[in-house]
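# Per-entry structural report
Here are the chains, one letter per residue:
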Amino acid sequence: MEKFHPIKIGTLSLKNNLIAAPMAGLSALPYRVLAMEMGCALAMSEMVSAEGTIRAGEKTKRYFKNDESVRPFGLQVFGANPESIGKSIEMLSSEPVDLFDINMGCPVHKVCKKGAGAALMKNPELVSKIVAAARKATEKPLTIKIRAGWNSKSINCIEIAKIAESCGADAVAIHARTREQEFSGKADWSHIAAVKSALKIPVIGNGDIKSRHDALEMIEQTRCDAIMIGRAAIGNPWIFRAILDSDFSEPGRKERLLTATRHLEMLREFLGEHSAALAMRSIISWYTKGIPGVKEFMRNIQRSKGTAEMKSLIDQFAANI
Ligand SMILES: Cc1cc2nc3c(=O)[nH]c(=O)nc-3n(C[C@H](O)[C@H](O)[C@H](O)COP(=O)(O)O)c2cc1C
């Protein structure tokens, strides 16, 4: 059977089963524009605080700002209070959002200590209240993103996924690591397979896909309905095309640098000069990985005074390779 195919999540039809993962600090609009251009069917926002969206300060609004060219758009919220999550999703339902996701996998202490993110894996009762509140708040497709469990002694992804399904979630994404692992070790895809066997709604597999081969393997091994790609897409939006097309040839260095410049320009337009320069200082290293002379280039980038100087450094670097 063809591994890459259109799927439906609730009422949302996706042209294929490749999804760009939510990544805080990275999956802002420019990243999503590039990921969608390269063929993924759905690009997720970074996680946005439910409480923050209710207060709706300008900074929070930026997180869910989108562009018509980047549809469908999935917005991820995090929080531990069912009422706030319901209220925030209800408010955001009038925005051009095509799917809501609830974060139940963030390992960061600041998030978990408030009972949100991966800490929800320890609280099945709260998961059911949160999903029910979110379901009541919107008719738009609703998903949750979980981990395998809190730690290796408490693997409970099947239990949590089934609760979500029974409370009306339209799909479950699972990053096949525990919270304890954070990003270390290997994702254990057998958890994705186990969740897939237990659910009727679509299951989105996530963790350690770096190539077309990995993507095919995950689908083969787990029978998951869709795959979600995170780190391998940072500075490498071509991964989606490479997964979909076995004949795709990797972009050359100049093309990578040209795309980095586009990313920088979109960031400046989207975030403003200061935040764009800050964000690009780390993102650029992903675009330039392995290019000879990158160490000196990166030193100059770190010392640069703003996006205009960064752009000319990228141009110079491209001219000399
Ligand atoms: C820098 C960074 C930020 C992330 N932010 C989020 C987030 O906001 N919400 C979320 O659900 N997962 C977040 N993740 C986790 C990814 O979505 C994904 O589950 C994880 O990286 C595993 O997939 P991968 O092996 O394809 O990277 C983040 C990961 C990274 C590396």
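Residues numbered from 1 in each chain as written. Predicted model: local features only at pLDDT ≥ 70, side-chain atom pairs only at ≥ 80, totals over all residues. Heavy atoms only, no water.

## What to know about the packing of aromatic side chains
Under the definition given, this model contains two aromatic pairs. Ring geometry for Trp238 and Tyr287: centres 6.3 Å apart, planes at 90°, overall edge-to-face. Of this pair, Trp238 sits in helix H10 (residues 238–244) while Tyr287 sits in helix H12 (residues 273–288), and the two are 49 residues apart along the sequence. Both residues of the pair, Trp238 and Tyr287, belong to the buried class. Stacked on the ring of Trp150, the Lys or Arg Lys122 has its end atom at 3.9 Å from the ring centre. For Arg147, the ring lying beneath its charged end belongs to Phe183, and the centroid distance is 5.3 Å. (Phe/Tyr/Trp six-rings, centres within 6.5 Å; stacked < 30°, edge-to-face > 60°. Helix = DSSP H or I, 4+ residues; strand = E, 2+ residues; numbered from the N terminus. Buried < 20%, exposed > 50% of the residue type's maximum accessible area, 1.4 Å probe, protein only. Lys NZ or Arg CZ within 6 Å of the ring centre and 35° of its normal.)

## Section: the domain arrangement of the protein
Considered domain by domain, the protein is made up of domain 1 (7–244) and domain 2 (253–319). Placing the centre of domain 1 and that of domain 2 at their C-alpha centroids yields a distance of 29 Å. Contacts between domain 1 and domain 2 engage 15 residues on the former and 13 residues on the latter. At the boundary of domain 1 with domain 2, total buried surface from both sides reaches about 1,400 Å², with 73% on carbon and sulfur atoms. Three residues stand out in domain 1 for area buried against domain 2, namely Pro30, Arg62 and Trp238, and they jointly supply 39% of the buried area on that side. Counting across the domain 1 and domain 2 interface gives one salt bridge. Between Glu37 and Arg262 there is a salt bridge, and its shortest N-O distance comes to 2.7 Å. There are two residue pairs in polar contact (both at pLDDT 80 or more) connecting domain 1 and domain 2. (Domains from an automatic or database assignment. Contact = heavy atoms within 4.5 Å. Buried area = accessible area lost by both parts, 1.4 Å probe. Salt bridge = Lys/Arg side-chain N within 4 Å of Asp/Glu carboxyl O. Polar contact = N/O pair within 3.5 Å; in protein donor to acceptor, adjacent residues only side chain to side chain.)

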